[in-house]
Amino acid sequence: HGADQNIFWQVFNQLRKSQGVGTTWGFKCVELCGRKATCEASKEDTLMYCGMDPFVHPTGWEDADRWRDQLATYHANYATSMTKIPKL
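These numbers were taken from a predicted model, which means no experiment stands behind them.

Applying the stated criterion across every chain, the model contains two disulfides. Disulfide pairing is shown between C29 and C39; the S-S distance is 1.6 Å. On the sign convention where negative means left-handed, the S-S torsion of about -95° between C29 and C39 marks this disulfide as left-handed. Here C29 is found in strand β1 (residues 29–32), whereas its partner C39 is found in the loop between β1 and β2 (46–49), with ten residues between them in sequence. The side chain of C33 participates in a disulfide bridge whose partner is C50; the two sulfur atoms lie 2.4 Å from each other. Handedness here is read from the sign of the S-S torsion; for C33 and C50, about 115°, the answer is right-handed.

Let us look at the packing of aromatic side chains. In total, this model carries seven aromatic pairs according to the counting rule given. Ring plane angle 85° and centroid distance 4.9 Å describe the contact between F8 and W9, whose orientation is recorded as edge-to-face. Grouping aromatic residues by their ring pairs yields a cluster made of F8, W9, F12, F27 and Y49.

Conventions adopted
- Throughout, residues of each chain are indexed from 1 in the direction in which the sequence is written.
- At least 70 in pLDDT is required for a residue's local features to be given in this predicted model, at least 80 for side-chain atom pairs to be given and counted, and no such filter applies to totals for whole chains, interfaces and linings, which use all residues.
- Side-chain metrics in this entry use all non-hydrogen atoms of the structure; hydrogen atoms and water are not considered.
- Any two cysteine sulfur atoms lying within 2.5 Å of each other are counted as a disulfide.
- Numbering of helices and strands starts at the N terminus; helices are DSSP runs of H or I of at least 4 residues and strands are runs of E of at least 2.
- Stacked, tilted and edge-to-face are the three classes assigned to paired rings of Phe, Tyr and Trp, where Trp is represented by its six-membered ring and a pair needs centres within 6.5 Å; plane angles under 30 degrees give stacked, over 60 edge-to-face, the rest tilted.

Structure representation (structure tokens):
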């Protein structure tokens, strides 16, 4: 994972651990992609989250063109500025 993924999950877990209590934004429960919620709470207090399938939404694959017919999106990460153009 790139640094942004690690930061996302650190913040996600911090918000999850807060259980919606205190000054930190947060939520009491989490329901990950249709799985059973982590606790009993109202929908307003439950975060429903589905990650993107890495085989449908790849990030930075060198041979992504080979899979073009099976991809929904392609993120040309691990490149900056104009170096993204050839990856796209």
